[in-house]
Each structure stands twice: as structure tokens, then as C-alpha cells.
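Coordinates in review
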Amino acid sequence: MIYRKDLLVHYEWLSDSKYLTEALDEALVAIALCARGHSGDLMNFGAAWVMASYIIERFELEEFVARERRENISLDAEEPEGSSG
């Protein structure tokens with residue numbers, strides 16, 4: 001799970017910006033999409049539509065994607081066989 005407080009540290013350079021909340025929201029969505037193999041999905045980024053992977057690369061969020069992937073894999077491994085989750 002990616003916590004907003006971790007992203008706040010990553011986006012410290014935006015701390016006084018009116019765009020901080022928007023940047024955090026976009027980052028959380030992009031991380032979730034990329035961690036689940038949807039890096040090519042389009043997201044509205046300002047006045048343009050961009051792939052989720054663009055946001056990951058542009059703001060150097062690869063570490064967050066990797067962490068989310070690891071957590072998803074471990075959760076999948078813990079899920080009992082035959083359960084629909």
C-alpha cells in the first residue's frame with residue numbers, strides 16, 4: 001500500500017504549490033495502474049491525456065510501483081486457492 005505521507009516526502013519540492021494535492025492524486029492512480037500492468041492506460045494530466053507510465057517516469061515514482069507490485073504479489077500468495085477476491 002502506498003501512503004500519502006510517503007508521497008509527500010517524495011514531492012517535498014511541491015510542498016508550497018497549489019498543485020500538490022493534484023500531483024499526489026495523479027501519482028497514486030498512476031502507481032496503482034502501473035503496478036497492476038496497466039502502464040499504457042491513459043490518464044488526464046492537466047490539459048492532455050498521457051499514459052500512466054509517463055507520470056511514473058516524469059516524477060521518478062518507479063520505487064513506489066515496485067513496492068506496490070511486491071505487496072500485490074505477497075497478497076496474492078496469501079490468498080487461499082479457490083477464493084474469489
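Described in the following lines is the structure provided in the data block. (Residues numbered from 1 in each chain as written. Predicted model: local features only at pLDDT ≥ 70, side-chain atom pairs only at ≥ 80, totals over all residues. Heavy atoms only, no water.)

1. Side note on the overall build of the chain
When its secondary structure is counted, the chain shows 4 helices and 2 strands. In sequence order, the secondary structure elements of the chain are arranged as α-α-β-β-α-α. For the chain, the proportion of its 85 residues judged to be buried stands at 29%. In the chain, 43% of the contacts between residues at least 6 apart in sequence involve partners at least 24 apart. For the chain, the exposed area adds up to about 5,900 Å²; of that, 54% sits on carbon and sulfur atoms. (Helix = DSSP H or I, 4+ residues; strand = E, 2+ residues; numbered from the N terminus. Buried < 20%, exposed > 50% of the residue type's maximum accessible area, 1.4 Å probe, protein only. Contact = heavy atoms within 4.5 Å. Areas by Shrake-Rupley, 256 points an atom, 1.4 Å probe, with all protein chains shown as cover.)

2. Topic: the side chain of Glu68
Among the secondary structure elements, Glu68 is positioned in helix H4 (residues 62-78). If near-sequence neighbours (up to four positions away) are discounted, Glu68 is found in contact with Met1, Ile2, Ile31, Ala35 and Arg36.

3. What to know about the side chain of Asn72
Assignment of secondary structure puts Asn72 in helix H4. Given a relative accessible area of 16%, Asn72 falls into the buried group. At 3.5 Å, the side chain of Asn72 and the side chain of Arg36 are in polar contact. Setting aside its immediate chain neighbours within four residues, Asn72 contacts Ala35 and Arg36. (Polar contact = N/O pair within 3.5 Å; in protein donor to acceptor, adjacent residues only side chain to side chain.)

4. Considerations on the nonpolar core
Counting 21 residues, the largest nonpolar core has Leu7, Tyr11, Ile31, Ile55, Ile56 and Leu61 as its most contacted members. Among the elements of the structure, helix H2 (20-35), helix H3 (52-58) and H4 are those that each provide at least two residues to this core. The dominant element in this core, judged by the number of residues it contributes, is H2, at 8 residues. Leave out the neighbours within four places in its chain, and Ile55 touches Glu26, Ala30, Met43, Phe45, Val50 and Leu61. (Core = buried A, V, L, I, M, F, W, Y, C linked by side-chain atoms within 4.5 Å.)

That is the geometry; function is a separate question.
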